Amino acid sequence: MSGASSHKVIPKGAVYTDIEHEPVTTVLPQGDIPFVDHAMDADERVIVALGYKQEFKREFSLWTTFCVSFSVLGLLPSFASTIYYGMGYAGTAGMVWGWIIAMVFIQCIAMSMAELCSAMPTSGGLYYAAAVLAPPKYGPFAAWITGWSNWIGQITAAPSVDYALSAMILAAASMQNPDYVPTNWQVYLLTTLVMIIHTVISSMPTIWVARVNSWGSTFNMLALIVTLIAIPAGTTNEPKFTSSKDVWGTITNLTDFPDGVAVLMTFVGVIWTMSGYDSPFHLSEECSNANIASPRAIVMTSGVGGLLGWFLQLVVAYTVTDINAVINSDLGQPWASYLLQVMPRKTALAILSLTIISGFSMGQGCMVAASRVTYAYARDDCFPLSKYWKMVNSRTQTPVNAVILNGVLGILMCLLILAGDVAIGALFSIGGIAQFVAFAIPIAIRVFFVGHRFRKGPWHLGPFGPWIGGMGVAFVLLMVPVLCLPSATGSDLTPDLMNWTCLVWGAPMLGVTIWWFVDAHKWFKGPKVNVEHAIHAAGEEASVIDGIDGIDGIDGVGGDEEAGQDTSSKASAR
């Protein structure tokens, strides 16, 4: 897939990278040699071997990349935003068991994604992986569906977080002044203000964005630890804690489905809360030592987040006394209702304030990650007017236009607030199902179609990769229909109780699928190579050879064992 560039002879003095010896699975056809006009470090050799020019400054480290993804994860504000789904569908037993079960499979997805990231550390992430790994002739279609589903999930993240953040801010005002009842217009206007602030911050230079997210993530972790300690210590319940028998053994089914299905429905909260672990994939072009640091950040985010998130579930499950009162409170925010139920007002306000600050940091991380996805897809001309959205600002070295586009779309999506709680609540389910589908497609292709032709990066799962990936894909196939279930059935099901996820996510996906078969298949060919490359081996024309020594053999990958593998895997680019 040569894109705009053409095959040519390597000019004298050029620096090229031998993709036969790079630990990458690339869209470039076997035999192609990408080259540039300057010396390359290890990270640039990898991105050039994938067919892209190095356009960002690599100012993210393992820690700052983890900080962004942990901010996107935002355990405390995420849990506060989705407590309705865990507690409201199956009670405390659904919370504690649901989180454990879901996290086992989510960790499988995260590890499989990390393996792909190590082999293809590019901002396009899963979209690039789907294009490279898909069977011949199906690469562009796999990339198209994966990319659009991932993009829809990404651009709904910041609006849904900022909506929940605004609701918590106004709930805090109601706690201070019980006579004040927030209106939908007030929630919308406050959400719009927060979206604008996040847009401005995300347009700053990379080093500033990294620092802001590092501070925010550090605060996020500290706030979570404080909350985990403060709630058990400060609860006014008598007795302080519910018995373990009731917490683990009593399913409070508030749906019209059997208990088992109700527990599965609680997974929507877990899935949405844990959907930020793909952020390091999208930031990999701005991360140093990307094909090792980025996959490590993915696994760290999922592992640390899963463990701390379960502790938070336990704390709430053991202290809540009246689930119906929490779900149906006039405050309009279940987390605020829960805090008031178990703690004195001032303490509850303090914890809610920590959650609000953490939520702001989370929304910021979501905006950054989404802007990089928009940039990556625009770089391959996926969108109308892509030439504007793929521009990198010369002063900040960040995709400012992509940030602004996402900010405007987010503000428009938040108009769903004016249609009521059920309509805006669809943003949460959309984020879960859209991301899950995008995660599963390239993993499924890698597990069921690629086999040994997949060239592993320096971080990989060894022989367990296909088995772990298969478990993750099976979980996605089970959960996609569950994520579309309403809580009521039959005569109890009204428009106010309908789960609109299948429509709000399904309609755009149906639209882009029709677009593909009608027109897009004629011009969209998947990832566009934007680096110069030659189709034959370099001869005397090239005076500098780079990218061979010091790359093959890392962690036992890319050496003799891998050298015989098909480096293009599928080469849908041909």
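Rules used in this analysis
Residues numbered from 1 in each chain as written. Predicted model: local features only at pLDDT ≥ 70, side-chain atom pairs only at ≥ 80, totals over all residues. Heavy atoms only, no water. UniProt positions renumbered as here; feature names shortened; annotations may be inferred. Helix = DSSP H or I, 4+ residues; strand = E, 2+ residues; numbered from the N terminus. Buried < 20%, exposed > 50% of the residue type's maximum accessible area, 1.4 Å probe, protein only. Areas by Shrake-Rupley, 256 points an atom, 1.4 Å probe, with all protein chains shown as cover. Salt bridge = Lys/Arg side-chain N within 4 Å of Asp/Glu carboxyl O. Expected span 1.5 Å × (residues − 1). Bend = angle between axes of the 7 residues up to and from the residue. Axes fitted to C-alpha atoms, helices over the stretch in contact; angles between N-to-C directions. Parallel < 35°, antiparallel > 145°, perpendicular 65-115°, else oblique. Left-handed = near helix turned anticlockwise from the far one by under 90°. Contact = heavy atoms within 4.5 Å. Nonpolar A, V, L, I, M, F, W, Y, C, P; charged D, E, K, R; others polar. pLDDT = per-residue confidence, 0-100. 1 Å grid on protein atoms, 1.4 Å probe; cavity = no way out; pocket = protein on both sides within 12 Å on 5 of 7 lines; lining within 4 Å. Points joined across faces, edges and corners; volume = space filled by probe spheres on them. Patch = residues over 30% accessible without salt bridge, like charges linked within 9 Å, V, L, I, M, F, W, Y side chains within 5 Å. Phe/Tyr/Trp six-rings, centres within 6.5 Å; stacked < 30°, edge-to-face > 60°. Core = buried A, V, L, I, M, F, W, Y, C linked by side-chain atoms within 4.5 Å. Domains from an automatic or database assignment.

Under an unreviewed UniProt entry, the protein has the name Amino acid permease/ SLC12A domain-containing protein and belongs to Aspergillus carbonarius. In its Subcellular location (unreviewed entry) section, UniProt records this for the protein: "Membrane".

Undergrad: For the overall build of the protein, give the residues involved together with the corresponding values.
TA: Within the protein, the secondary structure is distributed over 21 helices and four strands. Expressed as a percentage of the 574 residues in the protein, the buried residues total 61%. When the accessible surface of the protein is totalled, it reaches about 20900 Å², and 65% of it is carbon and sulfur.

Undergrad: Please set out the pattern of salt bridges residue by residue, giving values where relevant.
TA: Two side chains of opposite charge can pair, provided their charged atoms sit close to one another. For the structure on display, the rule yields four salt bridges. With a shortest N-O distance of 3.2 Å, Arg-446 and Glu-115 are connected by a salt bridge. Note that Arg-446 is positioned in helix H18 (residues 421-450) and Glu-115 in helix H3 (residues 75-119), a separation of 331 residues in sequence. For the pair Arg-446 and Glu-115, a shared accessibility class is recorded, and that class is buried.

Undergrad: Tell me about helix H5 (residues 139-176), and name the residues and values.
TA: With 38 residues, H5 should reach 56 Å at 1.5 Å per residue; the first-to-last C-alpha distance of 56 Å fits that figure. Along H5, the largest kink reaches about 30 degrees and is centred on Ala-157; proline Pro-159 follows within four residues of it. Burial analysis of H5 places 34 of its 38 residues in the buried class, the great majority of the element.

Undergrad: Outline the packing of helix H12 (residues 290-319) against helix H14 (residues 334-342), listing residues and values.
TA: In the contact formed by H12 and H14, the axes pass within 11 Å of each other and the chain directions differ by 55 degrees. Overall, the two elements H12 and H14 adopt an arrangement that is oblique. Crossing geometry of H12 relative to H14 is assigned as left-handed. Where H12 abuts H14, its residues Val-315, Val-316 and Thr-319 lie against Trp-335, Tyr-338 and Val-342. Class assignment of the residues belonging to the contact of H12 with H14 gives a composition of five nonpolar, one polar and no charged.

Undergrad: Residue-level account of the confidence of the model for the protein, with values.
TA: On average, residues of the protein score 80 in pLDDT, and 84% of them are at 70 or above. Across residues 1-6, where pLDDT falls below 50, the model places 20 contacts with residues more than four positions away in sequence or in other chains. Note that residues 536-574 has pLDDT below 50 and, in this model, 109 contacts with residues that lie over four places away or in other chains.

Undergrad: Now, about the environment of Met-367: what can you tell me, with residues and values included?
TA: With respect to the helices, strands and loops of the structure, Met-367 is situated in helix H15 (residues 345-379). In the structure, Met-367 is positioned 213 residues away from Gln-154 in sequence and 8.3 Å away in space, judged by C-alpha atoms. With sequence-adjacent residues up to four places away left out, Met-367 is seen in contact with Ala-158, Met-195, His-198, Thr-199, Ser-202, Val-403, Asn-406 and Gly-407.

Undergrad: Can you break down empty space enclosed by the protein residue by residue, with the values?
TA: For the structure shown, the criterion picks out three cavities of 30 Å³ or more. What lines the largest cavity is a set of 17 residues, among which Val-72, Ala-157, Ser-275, Cys-366 and Gln-435 lie closest to the centre. Ranked by residue count, the leading element in the lining of the largest cavity is H5, at five residues. Here the residues of the lining of the largest cavity are counted per class, giving seven nonpolar, nine polar and one charged. If you add up the space inside the second largest cavity, you get close to 90 Å³.

Undergrad: If you had to explain helix H2 (residues 62-73) to someone new, which residues and values would you point to?
TA: With 12 residues, H2 should reach 16 Å at 1.5 Å per residue; the first-to-last C-alpha distance of 16 Å fits that figure. When you tally the buried positions in H2, you get 10 out of 12 residues, the bulk of the element. When H2 is considered as a whole, its buried residues turn out to be Thr-64, Thr-65, Phe-66, Cys-67, Val-68, Ser-69, Phe-70, Ser-71, Val-72 and Leu-73. For H2, the elements touching its buried residues are H3, helix H7 (206-234), helix H10 (267-273), helix H11 (279-282), H12 and H15. At the exit of H2 stands Gly-74, carrying a positive phi of roughly 45 degrees.

Undergrad: So what's going on with a nonpolar patch on the surface? Which residues, and what values?
TA: Residues Trp-185, Leu-189, Ile-404, Val-408, Leu-412, Leu-415 and Leu-418 make up a contiguous nonpolar surface patch of about 650 Å² in total accessible area. At the level of secondary structure, the elements contributing two or more residues to the nonpolar patch comprise helix H6 (184-202) and helix H17 (400-413). In terms of residue count, the dominant contributor to the nonpolar patch is H17 (three residues). Within the fold, Trp-185 resides in helix H6.

Undergrad: Quick rundown of the side chain of Ser-149? Include the residues and the values.
TA: Secondary-structure assignment places Ser-149 in helix H5. Non-local contacts of Ser-149, meaning those with residues more than four positions away in its chain, are made with Ala-434, Val-437, Ala-438, Trp-505 and Met-509.

Undergrad: Provide a residue-level description of the packing of aromatic side chains, including the pertinent values.
TA: Tallying each qualifying case throughout the model produces 29 aromatic pairs. Between Phe-105 and Phe-475 the ring centres are 5.1 Å apart and the planes differ by 5 degrees, which places this aromatic pair in the stacked class. Of the two residues, Phe-105 is situated in helix H3 and Phe-475 in helix H19 (residues 465-482); the sequence distance between them amounts to 370 residues. Accessibility expressed as a relative area gives 26% for Phe-105, which makes it partly exposed. On the basis of an interplanar angle of 50 degrees and a centroid distance of 5.6 Å, the ring pair of Phe-141 and Trp-516 is categorised as tilted. One end of the pair, Phe-141, is in helix H5; the other, Trp-516, is in helix H20 (residues 501-523), and 375 residues separate them in sequence.

Undergrad: Give a description of the nonpolar core that names residues and reports values.
TA: Judged by nonpolar contacts, the single largest core of 164 residues is most densely connected at Ile-106, Met-120, Tyr-277, Trp-335 and Phe-436. Per element, the largest residue contribution to this core is 22 residues, and it comes from H3. Residues lining this core come from more than one domain, with at least three contributed by each of domain 1 (14-54) and domain 2 (65-490 + 501-522). Setting aside residues no more than four positions away along its own chain, Ile-106 makes contact with Val-270, Ile-271, Met-274, Tyr-277, Ser-302, Phe-436 and Phe-475. Counting five residues, the second largest nonpolar core, distinct from the first, contains Val-96, Leu-314, Ala-317 and Tyr-318.

Undergrad: Tell me about the environment of Asn-401, residues and numbers included.
TA: Here Asn-401 shows up in helix H17. For the pair Asn-401 and Tyr-388, spaced 13 residues apart in sequence, the C-alpha to C-alpha distance is 6.7 Å. Setting aside chain neighbours within four positions, we find Asn-401 in contact with Tyr-388, Trp-389 and Met-391.

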